[in-house]
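# Report on the structure
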Amino acid sequence: EEGNGVDGNRHVSVASEIPDDDEVITDLSKTWVEKMMADLALCPFTQSSVKSGIPPGPVHYHVDRVTAMEDAYAAYWSEVCRIETAPESTISTTLHILPEFCMNSVELFE
């Protein structure tokens with residue numbers, strides 16, 4: 001749905017609800033990676049949403065519903081350990097998705 005923005009420009013409305021289904025979040029993330037990272041070549045190591053890294057290999061998508069900074073930190077290190085211990089043939093890189101982290105505190109990312 002389109003509407004008038006603050007500056008009078010037309011824009012597309014963005015849904016603010018976080019999907020309950022992790023598979024939906026993963027699919028949305030893969031679409032974003034494909035369009036932004038691969039198609040626009042924003043990352044020279046991304047060939048597609050399923051193949052990236054050095055050497056190029058499978059991308060692992062992990063959705064974690066943490067909300068607290070300490071939990072996000074622990075979850076991050078769990079993903080680091082996953083990459084370190086997994087054979088290169090199974091995971092070359094990971095996208096750690098935190099859809100509920102700091103949703104009301106976006107100023108932390110400024």
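Here the structure is a predicted model, which is why all the values come from computation and not from measurement.

### A look at the nonpolar core
- Core analysis: the largest hydrophobic core is formed by 6 residues, namely I25, V33, V59, Y61, V63 and I97.
- At the level of elements, α1 (22-39) and β4 (57-63) are the ones that each hand at least two residues to this core.
- Per-element accounting of this core gives the leading share, 3 residues, to β4.
- Other than its neighbours up to four places away in sequence, I97 contacts I25, S29, Y61, H62, V63 and D64.
- Membership of the second largest hydrophobic core comes to 5 residues, among which are V66, A75, F101 and C102.

### Examining unusual backbone geometry
- The amide bond that connects I54 to the next residue, P55, takes the cis arrangement and shows omega of -10°.
- The phi dihedral of A41 is positive, around 55°, even though this residue is not glycine.
- Look at A41 and you get exposed, because its relative accessible area is 55%.

### Regarding the pattern of salt bridges
- Here the structure, examined in full by the defined rule, presents 3 salt bridges.
- The partner of R65 in a salt bridge is E100, and the shortest N-O contact between them spans 2.7 Å. Note that R65 is positioned in the loop between β4 and α2 (69-85) and E100 in the segment after β5 (93-97), a separation of 35 residues in sequence.
- The exposure class assigned to R65 is partly exposed, which follows from its relative accessible area of 25%.
- A salt bridge links E79 to R82, with the shortest nitrogen-to-oxygen separation between them at 2.9 Å. With E79 and R82 both in helix α2, this residue pair falls 3 residues apart, about one helical turn.
- Connected via shared salt-bridge partners are D22, R65 and E100.

Rules used throughout
Residues numbered from 1 in each chain as written. Predicted model: local features only at pLDDT ≥ 70, side-chain atom pairs only at ≥ 80, totals over all residues. Heavy atoms only, no water. Core = buried A, V, L, I, M, F, W, Y, C linked by side-chain atoms within 4.5 Å. Buried < 20%, exposed > 50% of the residue type's maximum accessible area, 1.4 Å probe, protein only. Helix = DSSP H or I, 4+ residues; strand = E, 2+ residues; numbered from the N terminus. Contact = heavy atoms within 4.5 Å. Salt bridge = Lys/Arg side-chain N within 4 Å of Asp/Glu carboxyl O.

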